[in-house]
Amino acid sequence: MSKDVRQESNQSIAKKRRAAEAVLPMIQAGDYLGMGTGSTVGVLIELIVQHRLSIRAAISSSEATTAALQRAGIGVVDLNEVADVPLYIDGADELTQHGFLIKGGGGAMTREKILATASRHFVCIAEDDKLTPVLGRNHPVPVEVLPMARSFIARHLAGMGATVTLRRGLSDNGNPILDCSRLDLANPVTLEQAINNLPGVIGCGVFALRRPEVMLLGTVDGVRRLPA
Ligand code: 5RP
């Protein structure tokens, strides 16, 4: 690995850490906390331990996050056991200043969207480089599908203009994921609804119907909050 790449990577980690640190004051001791998936959430879990924040328990969006929480000694409960989730915190792959997101780089978007929608507040933590004027420039939209509908849905998404790639492996729910690049994301709400309406779609990585109330973006020297 070249020095430049290492520096970039260190800068990215520092930005994730700044974003994760900025969300700590929003976490209330004794409350349930919904937890997303990914490296930024991994940093958050470390910080929760370092700062000795005593949450009631976490509700996890993936097997990877559950394992990280358990390693950190943080209790995990099932969403079915919790009537009220005050706060859900998660990362994103791309985001716009209006709070539209692409998620699911880690394949966890279906459970992530359930938790985001079930929670009263959704805060997104990410590096500022992920901010984009239009979604879909750097990341495909992942679509989780029932196995029997995989080819039918892939053809339908191709008909909508997507270049579709079957992701290796399965989601935590045991389903295939279709990564769709070149979709027209000018209107993310319409696109999310169109994908959701296809029979056999379990969930997709466009987060437009449920957007974060706050986005905390780590920068080279601080944190940018959106909306400001
Ligand atoms: C996982 C996700 C993650 O939030 C997204 O991929 C960002 O990950 P990271 O924090 O590692 O950059 O949607 O399904």
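All of the points below concern the structure found in this document. Position numbers for residues count from 1 along each chain, tracking the sequence in the order it is written. The model is predicted, so local features are restricted to residues of pLDDT at least 70 and side-chain atom pairs to those at 80 or more, both for listing and for counting; the totals for chains, interfaces and linings are taken over all residues. Values shown for side chains rest on all heavy atoms present in the structure; no hydrogens or waters enter the calculation.

## What to know about the overall build of the chain
Helix and strand definitions follow DSSP, with helices as H or I runs of at least four residues and strands as E runs of at least two, each counted in order from the N terminus. Helix and strand content of the chain: six helices and 13 strands. Based on C-alpha atoms, the radius of gyration is set beside the globule rule, defined as 2.2 Å times the residue count to the power 0.38. Taken against the 2.2 N^0.38 rule, which gives 17 Å for 228 residues, the C-alpha radius of gyration of the chain at 17 Å falls within 12% of a compact globule. Principal-axis analysis of the C-alpha atoms places the extent of the chain at approximately 50 × 45 × 35 Å. The buried share among the 228 residues of the chain stands at 49%. The rule is simple: take the accessible area with a 1.4 Å probe, protein chains only, and divide by the maximum for that residue type; under 20% is buried, over 50% is exposed, in between is partly exposed.

## Examining the nonpolar core
Of all hydrophobic cores here, the largest spans 24 residues; its most connected members are Ile-27, Leu-33, Met-35, Leu-44, Ile-48, Ile-89 and Ile-125. Those elements that place two or more of their residues in this core are α1 (3-23), β1 (32-35), α2 (39-50), α3 (63-71), β3 (85-90), β6 (119-127) and β12 (214-218). Non-local contacts of Ile-125, meaning those with residues more than four positions away in its chain, are made with Ala-19, Ala-20, Val-23, Thr-40, Leu-44, Ile-89, Asp-90, Gly-91, Ala-92 and Leu-216. Grouping buried Ala, Val, Leu, Ile, Met, Phe, Trp, Tyr and Cys residues that are joined through side-chain atoms within 4.5 Å yields what is termed a nonpolar core. Among the nonpolar cores identified, the runner-up in size contains 22 residues, and Val-141, Ala-154, Leu-198 and Val-201 belong to it. By the convention used here, residues are in contact when the closest approach between their heavy atoms is within 4.5 Å.

## Quick word on the sheet that holds strand β8 (residues 163-166)
Reading across from one edge, β8-β9-β7-β10 is the order of the four strands in this open sheet, with antiparallel pairing throughout. For this open sheet the edge positions go to β8 and β10 (201-204), each flanked by a neighbour on one side alone. The mean angle between the axes of side-by-side strands here comes to 25 degrees, regardless of whether they run parallel or antiparallel. A strand pair is defined by DSSP finding two or more bridges across the two strands. In this structure, strand β7 (residues 141-145) lies alongside strand β9 (residues 177-181), joined through four bridges in antiparallel fashion. Note that in β9 the partner of Glu-144 across the bridge is Ile-177. Strand contacts of helix α5 (residues 150-159): β7, β8, β9 and β10, with the helix running at about 10 degrees to β9, the strand carrying the most contacts. To get an axis, a line is fitted to the C-alpha atoms, and for a helix only the part in contact is used. The angle between two axes follows their N-to-C directions and goes from 0 to 180 degrees. Its contacts with the sheet place helix α6 (residues 188-196) against β7 and β10, and it is angled at close to 160 degrees to β10.

## Observations concerning α5
Restricting attention to buried positions, one finds in α5 the residues Ile-153, Ala-154 and Leu-157. Looking straight down α5, one finds its buried side chains confined to an arc of 105 degrees; they lie on one side. With respect to the buried face of α5, the exposed residues turned more than 90 degrees away are Arg-155 and Gly-159. In this fold, the buried residues of α5 make contact with β7, β8, β9, α6 and β10. Note on α5: the residue one or two positions beyond its end, Gly-161, has a positive phi of about 105 degrees. Taking the helix axis as origin, the arc is that swept by the directions to the C-beta atoms.

## Some details on the site of the ligand
In the region of the ligand, 17 residues are neighbours, and Ser-39, Thr-40, Asp-93, Gly-104 and Lys-130 sit closest. Here a polar contact is taken to be a pair of N or O atoms separated by no more than 3.5 Å, where protein atoms must pair a possible hydrogen donor with a possible acceptor and residues adjacent in sequence count only if both atoms sit in side chains. At 2.8 Å from an oxygen atom of the ligand is found a side-chain nitrogen or oxygen belonging to Lys-103. Computed with the Shrake-Rupley method and a 1.4 Å probe, the accessible areas treat only the protein chains shown as cover for residues. In isolation the ligand exposes 380 Å². Once the protein is present, 91% of that is buried. Each residue gets one of three labels, nonpolar for Ala, Val, Leu, Ile, Met, Phe, Trp, Tyr, Cys and Pro, charged for Asp, Glu, Lys and Arg, and polar for the others, Gly among them. The residue inventory of the shell around the ligand, partitioned by class, reads two nonpolar, nine polar and six charged. Any residue with a non-hydrogen atom lying within 4 Å of a molecule or strand is treated as near it.

## Some thoughts on α6
Here α6 has its buried residues at Pro-188, Leu-191, Glu-192 and Ile-195. Within α6, the buried residues cover an arc of 100 degrees as seen down the axis, which keeps them to one side. Residues of α6 that are buried in the fold lie against α4 (109-118), β7, α5, β10 and β11 (206-207).

## Overview of unusual backbone geometry
Negative phi characterises most residues that are not glycine, and trans characterises most peptide bonds. Here the bond from Leu-226 into Pro-227 is cis, since omega is -10 degrees, no more than 30 degrees from zero. Here Pro-227 shows up in the segment after β13 (223-226). Phi at Arg-52 is positive, roughly 50 degrees, even though this residue is not glycine. Mapped onto the secondary structure, Arg-52 falls in the loop between α2 and β2 (57-60). Exposure remark for Arg-52: the relative accessible area of 75% places this residue in the exposed category. We note that Arg-182 has phi near 65 degrees; this positive angle belongs to a residue other than glycine. As for its placement among the helices and strands, Arg-182 is situated in the loop between β9 and α6. For Arg-182, a relative accessible area of 68% puts it in the exposed group.

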